[in-house]
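What follows is each chain in one-letter form.
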Amino acid sequence: MAAVYPLTFAALLFSVGVYGLLSRRHAVLVLMSIELMLAAVTVNLVTFWAIAGDALLTGQVFALFVMAIGAAEIGVGLAIIMLIYRNRASVNIDDADLMRY
Amino acid sequence: MSVPEIVMLATGVVGGAAALLVVTSRNVVHSALYLVVTLLAVAGVFLVLGAEFVAWAQVLVYVGAVVVLLLFGLMLTRAPIGPTGQANELGRALPLAVALAVFVGLVALIATSFGGETIELEHVTPAALGEVLYVAWALPFMTLGFLLTLALIGAVVIARREEGEGPLPEPDPDEPEAAEASPPDSSSWPQRQPEPAPDEREVSA
Amino acid sequence: MATSVFALEPLWLALLLQALAAVLLFLIGALVVGYLEHKVLAHMQDRLGPMEAIWHGIGQLPADGLKFLQKEDIIPTAADRWVFALAPAVAVVPGVVIIAVLPFGPGLWLTDLDAGIFFALAASGVTVLGTLMAGWSSANKFSLMGGLRGAAQLISYELPLVLAAAAIVIQAGTLSLPGIVEAQHGFTLFGVPMIYGVPHIIGLGLFFVAALAELSRPPFDMPIADSELIAGHMTEYTGMRYAFFMLSEYAGMVILSALATVLFLGGWYPWPGVGLPEGAAGMVLGFVITFAKILVLSAIMVWLRATFPRMREDQLQRLSWSVLIPLGLLNVVLVATAKVWF
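### Considering the overall build of chain B
Next up, step 1: Across its full length, chain B carries eight helices and zero strands.
Next up, step 2: Each helix (α) and strand (β) of chain B, taken in turn from the N terminus, gives the series α-α-α-α-α-α-α-α.
Next up, step 3: For chain B, contacts bridging at least 24 residues in sequence account for 60% of all contacts bridging at least 6.
Next up, step 4: Taken as a whole, chain B presents about 10800 Å² of accessible surface, with 68% of it coming from carbon and sulfur.

### Describing the overall build of chain C
Next up, step 1: Scanning chain C from terminus to terminus reveals 12 helices and two strands.
Next up, step 2: Mapped from its N terminus to its C terminus, chain C presents α and β elements in the order α-α-α-α-α-α-α-β-β-α-α-α-α-α.
Next up, step 3: For a compact globule of 342 residues, the expected C-alpha radius of gyration is about 20 Å, and chain C comes in at 20 Å, within 12% of that figure.
Next up, step 4: Sorting the 342 residues of chain C into buried and exposed places 55% on the buried side.
Next up, step 5: Relative to all contacts within chain C whose residues are 6 or more apart in sequence, the contacts with residues 24 or more apart total 77%.
Next up, step 6: A total accessible area of about 14700 Å² is found for chain C, and carbon and sulfur atoms account for 72% of it.

### A short note on the interface of chain C and chain B
Next up, step 1: Facing 29 residues of chain C, the contacting portion of chain B comprises 31 residues.
Next up, step 2: Interface area for chain C against chain B, summed over the two sides, is near 2600 Å², with a carbon-plus-sulfur share of 82%.
Next up, step 3: Looking at the side of chain C facing chain B, the largest losses of area belong to C:Phe118, C:Leu129 and C:Trp136, adding up to 25% of the total buried there.
Next up, step 4: Linking chain C to chain B there are zero salt bridges.
Next up, step 5: One can count one residue pair in polar contact (both at pLDDT 80 or more) joining chain C with chain B.
Next up, step 6: Breaking the side of chain C that touches chain B down by element, the ones donating at least two residues are α4 (116-124), α5 (127-137) and α6 (141-172) of chain C.
Next up, step 7: The element best represented in the side of chain C that touches chain B is α6(C), accounting for eight residues.
Next up, step 8: Grouping the amino acids of the side of chain C that touches chain B by side-chain chemistry returns 22 nonpolar, three polar and four charged.

### Quick look at the environment of C:Ala100
Residues and elements named next belong to chain C.
Next up, step 1: Secondary-structure assignment places Ala 100 in the loop between α3 (81-99) and α4.
Next up, step 2: The sequence separation of Ala 100 and Leu 113 amounts to 13 residues, and the corresponding C-alpha distance is 9.6 Å.
Next up, step 3: Once residues lying within four places of it in the same chain are set aside, the contact partners of Ala 100 are Leu 110 and Thr 111.

### Re the domain arrangement of chain B
Next up, step 1: For chain B, the assigned domains are domain 1 (1-85), domain 2 (91-116) and domain 3 (125-162 + 184-205).
Next up, step 2: If you average the C-alpha positions of domain 1 of chain B and of domain 2 of chain B, the two centres end up 21 Å apart.

### Concerning the interface of chain B and chain A
Next up, step 1: Chain B puts 97 residues into the contact, and the matching count from chain A is 78 residues.
Next up, step 2: Roughly 7600 Å² of surface becomes buried between chain B and chain A when both sides are summed, with 75% attributable to carbon and sulfur atoms.
Next up, step 3: Summed over the three residues of chain B that lose the most area to chain A, namely B:Val23, B:Ile119 and B:Trp137, the buried surface amounts to 9% of that side.
Next up, step 4: If you look at where chain B meets chain A, you find zero salt bridges.
Next up, step 5: Remark: the boundary between chain B and chain A carries two residue pairs in polar contact (both at pLDDT 80 or more).
Next up, step 6: Only α1 (3-24), α2 (28-49), α3 (52-76), α4 (93-114), α5 (126-135) and α6 (138-159) of chain B provide two or more residues apiece to the side of chain B that touches chain A.
Next up, step 7: In terms of residues, the side of chain B that touches chain A owes the most to one element, α1(B), which gives 13 residues.

### Re the pattern of salt bridges
Residue and element names in this part refer to chain C.
Next up, step 1: The full count for this structure, using the stated rule, is seven salt bridges over all chains.
Next up, step 2: The closest approach of N and O atoms between Arg 217 and Glu 37, which form a salt bridge, is 2.4 Å. Pair noted here: Arg 217 is in the loop between α8 (201-214) and α9 (226-229) and Glu 37 is in helix α1 (residues 11-44), with a separation of 180 residues, a long-range link.
Next up, step 3: You can call Arg 217 buried: its relative accessible area is 0%.
Next up, step 4: Residues Asp 314 and Arg 312 are paired through a salt bridge, measuring 2.9 Å at the closest nitrogen-oxygen approach.
Next up, step 5: Residue class for Asp 314 comes out partly exposed when judged on its relative accessible area of 33%.
Next up, step 6: Each of Glu 37, Arg 217, Glu 249 and Arg 305 takes part in one network of salt bridges that share partners.

### Comments concerning a nonpolar patch on the surface
All names here are of chain C.
Next up, step 1: A contiguous nonpolar patch, built from Ile 201, Ile 202, Val 323, Leu 327, Leu 330 and Leu 334 and spanning about 500 Å² of accessible area, is present on the exposed surface.
Next up, step 2: Going through the elements one at a time, α8 and α12 (313-341) are the ones with two or more residues in the nonpolar patch.
Next up, step 3: No other element matches α12, which puts four residues into the nonpolar patch.
Next up, step 4: As for its placement among the helices and strands, Ile 202 is situated in helix α8.

### Digging into the nonpolar core
Next up, step 1: Ranked by internal contacts, the top residues of the largest apolar core, which has 176 residues, are A:Met32, B:Phe46, B:Leu71, C:Ile117, C:Phe207 and C:Leu259.
Next up, step 2: Per-domain counts for this core show at least three residues from each of domain 1 (1-85) and domain 3 (125-162 + 184-205) of chain B.
Next up, step 3: With residues near it in sequence (within four places) discarded, A:Met32 still touches B:Val22, B:Val28, B:Ser31, B:Ala32, B:Leu35, B:Leu70 and B:Leu74.

### Focus on the side chain of B:Ser31
Next up, step 1: Along the chain, B:Ser31 falls in helix α2.
Next up, step 2: Judged by its relative accessible area of 0%, B:Ser31 is buried.
Next up, step 3: Not counting residues within four places of it along the chain, the set of residues in contact with B:Ser31 comprises A:Leu29, A:Met32, B:Leu21, B:Val22 and B:Ser25.

### Some remarks on unusual backbone geometry
Next up, step 1: Even without a glycine there, the phi angle at A:Leu57 is positive, about 55°.
Next up, step 2: By the element assignment, A:Leu57 lies in the loop between α2 (27-52) and α3 (58-88).
Next up, step 3: You will see that C:Ser216, though not glycine, has its phi angle at about 55°, which is positive.

### Focus: the packing of helix α1 (residues 4-23) of chain A against α4(B)
Next up, step 1: Packing of α1(A) against α4(B) leaves a shortest axis separation of 8 Å and a crossing angle of 165°. Taken together, the axis directions place α1(A) and α4(B) in an arrangement best described as roughly antiparallel. Handedness of the α1(A)/α4(B) crossing: right-handed. Side by side, α1(A) and α4(B) meet where A:Val4, A:Leu7, A:Thr8, A:Ala11, A:Leu12, A:Phe14, A:Ser15, A:Val18, A:Tyr19, A:Leu22 and A:Ser23 of the first sit next to B:Pro95, B:Leu96, B:Val98, B:Ala99, B:Val102, B:Phe103, B:Leu106, B:Val107, B:Ile110 and B:Phe114 of the second.
Next up, step 2: In terms of residue class, the contact of α1(A) with α4(B) is built from 18 nonpolar, three polar and no charged.

### What about the packing of α6(C) against α8(C)?
All names here are of chain C.
Next up, step 1: At a minimum axis distance of 8 Å, the contact between α6 and α8 shows a crossing angle of 155°. As far as their axial angle goes, α8 and α6 are roughly antiparallel. Judged by the twist between their axes, the crossing of α6 over α8 is left-handed. Between α6, through Gln 153, Leu 154, Tyr 157, Glu 158, Pro 160, Leu 161 and Ala 164, and α8, the contact on the second element is made entirely by Gly 203, Leu 206, Phe 207, Ala 210, Ala 211, Ala 213 and Glu 214.
Next up, step 2: Along the lines of polarity and charge, the residues of the contact of α6 with α8 split into 10 nonpolar, two polar and two charged.

Calculation notes
- Starting from 1, residues in each chain are numbered consecutively following that chain's sequence as written.
- The order in which chains are written sets their letters, starting at A; the order in which ligands are written sets their numbers, starting at 1.
- In view of the model being predicted, local features appear only for residues whose pLDDT reaches at least 70, and side-chain atom pairs are presented and counted only at 80 or more, with totals across whole chains, interfaces and linings using the full set of residues.
- Think of the side-chain values as coming from all heavy atoms in the structure, minus any hydrogens and water.
- Only runs of H or I of at least four residues qualify as helices and only runs of E of at least two qualify as strands under DSSP, and these elements are numbered from the N terminus.
- Pairs of residues are marked as contacts when any of their non-hydrogen atoms sit within 4.5 Å.
- Per-residue and other accessible areas follow the Shrake-Rupley method at a 1.4 Å probe size, with only the shown protein chains counted as cover for residues.
- The globule rule used here is 2.2 Å times the number of residues to the 0.38 power, and the radius of gyration it is set against is calculated over C-alpha atoms.
- Working definition: with a 1.4 Å probe on protein chains only, accessible area under 20% of the residue-type maximum means buried, over 50% means exposed, and in between means partly exposed.
- The term buried area refers to how much accessible surface (probe radius 1.4 Å) is lost by two components on association, counted for both of them together.
- Salt-bridge detection follows one rule: a side-chain nitrogen of Lys or Arg within 4 Å of a carboxyl oxygen of Asp or Glu.
- For this analysis, a polar contact is any N or O atom pair within 3.5 Å, provided that within protein one partner can donate a hydrogen and the other can accept it, and provided that sequence-adjacent residues contribute only side-chain to side-chain pairs.
- Each residue is assigned to one of three groups, with Ala, Val, Leu, Ile, Met, Phe, Trp, Tyr, Cys and Pro labelled nonpolar, Asp, Glu, Lys and Arg labelled charged, and all others, Gly among them, labelled polar.
- Here the limits of each domain have been adopted from an automatic or database domain assignment.
- Excluding any residue in a salt bridge, patches collect residues exceeding 30% relative accessible area, merging like charges within 9 Å and nonpolar Val, Leu, Ile, Met, Phe, Trp and Tyr side chains within 5 Å.
- Note on terminology: a nonpolar core comprises buried Ala, Val, Leu, Ile, Met, Phe, Trp, Tyr and Cys residues joined through side-chain atoms within 4.5 Å.
- All axes are obtained by fitting lines to C-alpha atoms, using only the stretch in contact for helices, and the reported angles, taken between N-to-C directions, cover 0 to 180 degrees.
- Any angle between 65 and 115 degrees counts as roughly perpendicular, while under 35 counts as roughly parallel, over 145 as roughly antiparallel, and the rest as oblique.
- Two helices that cross are described as forming a left-handed crossing if the nearer one is turned anticlockwise from the farther one by less than a right angle, and a right-handed crossing if clockwise.

Written out as structure tokens, the structure reads:
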């Protein structure tokens, strides 16, 4: 199978994630965009493992690691969002500007 | 075209379309549901590539836990039925330009470096992955365990209410607006809700 | 190890047969357990239960199904139409998919995945999406509360369920469900053939309690607490869509009982070390034994429903996070230590 199929899919997911990250203002949507980018990274890792045929299965193992870290990130990220919502009654990231000025 | 290529192409098209809908849908809950489709498509790609365990882990961790947590967060922050707020202060043209540049750059890179590369599909059993994971990768794996424990503690510390903070902020007699703008209770949930006016958002500034 | 009876040529015929068999098993399992619940619960409460439909009300559930078919399919005006309509399907599909990896007898499974138990647990986690979708899209406070409670409960009880299964995987040394049954067949405790359920009594208890909570069965039925939330996420549903939710609950009982049978009670063998006859007779006997074990476990679930009052939401969360999960971790450590030692 040609390697360009999964790699292009990963590139598409990543750039869609970049667009969402930059353009949306709902904090949970920003987290979702980050998840899309992480998913793109795992697809790439597994694809590169499949190309290289590594005996230590590096790509797959790192894909699992990325997944675990992504889950941890979502846990902490959502906790922060809940805190902001509790204090500001808003999940708009433009509103969380207390540290900005 | 071989069968794996057709399956890969189909999952890729479905997953990519769902990903586009995630970032363009006007309803945040719909976005989360499209994200489920994308993540399932990613699991499908893993299956085609022969990484069976990673695929099921993707379903267990992402679809079963992460998206459910995201939906949970959306509903706790009152996601209304119907469209909600859209673009942020960056607007839409700049992010689109950046994303397109990233995509074109990546595709050019892939085409030049991996254009002629082919993949020998092989199936890796969970047993083989486990043997590698707990022997060669044992130390990174344990470090990951520590990281997850830290994240768990961190999330609990951040989200936890302090003693005496109470379920809702106490109305402050000096600042009458503050009480009004405190997070509303669930009485009007999940009906269509107008966005709170911008000045009401400044609660504890 | 025997191969599946469905391993035939050509491939598309095998796949079609498998899909058909999965749906059929799903329906039959759900109907049998549903009837069991009607009758067992009734007799425990000193009633007779359904008696009119055919013999001792045995046709009651198919008749109910026909009734549901005739009902008007109402979608509330304020609801989110697509999500509302899709939620029952999302609740049902994981059940049908899991049936495909469950072994019901020697060779009587649709596919033998290398990661069978992992796949089954992963797919069972998807059911909660249906609950959340239904709860949110109904535009009803009770539905939303029910959906949120259901999601919180499923997230916190998935951990003890997975931990209990992980201990058995360590013991058996395989993730494949038929593989676990065969490993258990050769298991001896101090020279006596023994099912895993005896040395793994903590695991069995954890798995059973977590399974009850995963299914939102009493005493863990906070998401559909009828005195507070009407019917939780199902409040706005009518007709076939409502019947789908009921089907997925009963099929969930079958699936989790079947998983417990495979993991702890020796699967299709009457007892480890006791073999089955070869060929078709063994298959039929194996199927009967598996199904009998499933029905016993389902009957215990019904018994608990008739016995225990509903838990409060905070009690339910505390039980999982401060009792079951530490116990599950301890269980994994104990089993791993014992496995290395003996």
